[in-house]
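Structure assessment
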Amino acid sequence: MKSPSQTNAIDFDSAKLQRLGFGQQPPLLERPVSLAQLRQALGLQLQTSLEPQRILGLFFREIQRLVPLDALNYEHQPSDLRLQFGARGHHSISYSLSHEGEQLGELVFRRNQRFSEQEQGNLESLLSTLLFPMRNALLYRAATQSALRDPLTDTGNRIAMDQTLEREIEMSRRHSQPLSLLMLDIDHFKHINDTYGHSAGDEVLKAVAASIKNQLRNVDMVFRFGGEEFMILLSNTSREAAAMVGERLRFAAQAQDYEAEGKMIDLTVSIGCSTLLPGESAESLLRRADSALYVAKREGRNRLAMAG
């Protein structure tokens, strides 16, 4: 019997999948009587979506007709995708999914009972149905994310910001949780561009964006609002907690070293903060953060101002 924690590499190419009998497959059976029937049915059913969560959720549900499971965990580090289905189990089997050298993520099956040799063989056979659907889903996800990213700073762009802000406001109201927004602006950025050139300015923008992301939780989101301004969306964060985050961002940006033409650049940022009010629109929330930022600038820069 294999060790419950053993990691296995699954790397099937198209020719191997053809030899396994893939082609035009019948629809998913209600009660498959064999491994071959379930594998054929999944081969077609999993191709109907480009959403990783839907594909893996269907896969997790259906393979339990042959191998009972308590949980399935999936991680694809290049796209920062992590999904979990079910509860944790004491025993696990890990698989590294790949296709022609392309890494498709790590998959972990969990349950409270040990896996038999036959069950592990069934799982490995069924994993072959997952390769092409997950590869297509990851390619689609990468293309979608690229369209929503600012290429210079690798933060969200304005399109992504508008979509995310509306969604987070709706979630905040549905779950009665606070939502805060920080508007951050690099002080005297025009002087940096005029003195050292736009290439140096671009490097400063990238460094500040990295500094912001290093100080935030995974659930927080950063967007390039335009020029040298960034918007940071803090879910489930009160006014007081948002002020603390803002101060942490301000100190981190100031503490970082910036260099151009062999000279150190003194850099500070100003921040405006607003917290969602009952019934407030996205436009109003943004406007109040921007007004607070203007106050921080007017009062001398390198400070945080709170919206009223």
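This section reports on the structure supplied with the text. What you see is a predicted model; the values in this text were computed from it and never measured. (Residues numbered from 1 in each chain as written. Predicted model: local features only at pLDDT ≥ 70, side-chain atom pairs only at ≥ 80, totals over all residues. Heavy atoms only, no water.)

Section: the overall build of the chain
As a reminder of what qualifies: Runs of H or I in DSSP of at least four residues are treated as helices and runs of E of at least two as strands, each being numbered from the N terminus. Contacts are residue-level and defined by heavy atoms, with any inter-residue pair within 4.5 Å sufficient. Only the protein chains shown count as cover for residues, and all accessible areas are computed by the Shrake-Rupley method using a 1.4 Å probe.
A count of helical and extended segments in the chain gives ten helices and twelve strands. Long-range contacts, defined here as pairs at least 24 residues apart, represent 66% of the contacts in the chain between residues at least 6 apart. Total accessible area on the chain is roughly 15,800 Å²; 49% of this is exposed by carbon and sulfur atoms.

As for the pattern of salt bridges
So the rule is basically this: The term salt bridge refers to a side-chain nitrogen of Lys or Arg lying within 4 Å of a carboxyl oxygen of Asp or Glu. Partly exposed residues are those whose accessible area sits between 20% and 50% of the maximum for their type, while under 20% is buried and over 50% is exposed, using a 1.4 Å probe and protein chains only.
Counted by the stated rule, this structure contains 17 salt bridges. With a shortest N-O distance of 3.5 Å, Asp-154 and Arg-149 are connected by a salt bridge. You can call Asp-154 partly exposed: its relative accessible area is 43%. Of the residues examined, Arg-149 reaches a relative accessible area of 34% and is grouped as partly exposed. A salt bridge links Lys-206 to Glu-203, with the shortest nitrogen-to-oxygen separation between them at 3.0 Å. Separated by three residues within a single helix, Lys-206 and Glu-203 lie in helix H8 (residues 198–214), roughly one turn from each other. Exposure remark for Glu-203: the relative accessible area of 47% places this residue in the partly exposed category. A single network of salt bridges, built from pairs that share partners, joins Arg-61, Glu-62 and Arg-65.

Some remarks on helix H2 (residues 35–45)
Taken together, the buried positions of H2 are Leu-38, Arg-39, Ala-41, Leu-42 and Gly-43. Buried residues along H2 sit in contact with helix H3 (52–63) and helix H4 (117–127).

So, the nonpolar core
Our working rule: We call a set of buried residues a nonpolar core when its members are Ala, Val, Leu, Ile, Met, Phe, Trp, Tyr or Cys and they connect through side-chain atoms within 4.5 Å of each other.
Counting residues in each nonpolar core, the largest one holds 31 residues, and the members touching the most others are Phe-59, Tyr-74, Leu-107, Phe-109 and Leu-130. Elements that contribute at least two residues to this core include exactly H2, H3, strand E2 (71–76), strand E3 (81–86), strand E4 (91–99), strand E5 (102–111), H4 and helix H5 (131–147). With six residues, H3 is the largest single contributor of residues to this core. Beyond its immediate stretch of four places on either side in the chain, Tyr-74 contacts Leu-56, Leu-81, Arg-82, Leu-83, Leu-104, Gly-105, Glu-106, Leu-107, Met-134 and Leu-138. Core analysis: the next-biggest nonpolar cluster, separate from the first, contains 30 residues, Ile-212, Ala-253, Ile-265 and Leu-267 among them.

A look at the packing of aromatic side chains
So the rule is basically this: Note on aromatic pairs: the rings of Phe, Tyr and Trp (six-membered ring only in Trp) are paired at centre separations within 6.5 Å, and the planes decide the class, stacked below 30 degrees, edge-to-face beyond 60, tilted for the rest.
This model, assessed by the stated rule, comprises two aromatic pairs. Arranged with centres 5.9 Å apart and planes meeting at 70 degrees, the rings of Tyr-95 and Phe-109 form a pair that is edge-to-face. Linking Tyr-95 in strand E4 with Phe-109 in strand E5, this pair joins segments that are 14 residues apart in sequence.

Examining the sheet that holds strand E11 (residues 269–275)
Selection criterion: For two strands to be treated as a pair, DSSP must find no fewer than two bridges joining them. Here an angle of 0 to 180 degrees is reported between the N-to-C directions of two axes, which are lines fitted to C-alpha atoms, with helices fitted over the stretch in contact.
One open sheet accounts for five strands, arranged E7-E8-E6-E11-E12; its pairing is mixed. Lying at the two open borders of the sheet, with one neighbouring strand each, are strand E7 (221–226) and strand E12 (304–306). Strand-to-strand, the axes of this sheet are offset by a mean angle of 20 degrees, without reference to chain direction. Along the sheet face, helix H10 (residues 282–298) touches strand E6 (179–186), E7, strand E8 (229–235), E11 and E12 and points at about 145 degrees away from the line of E11.

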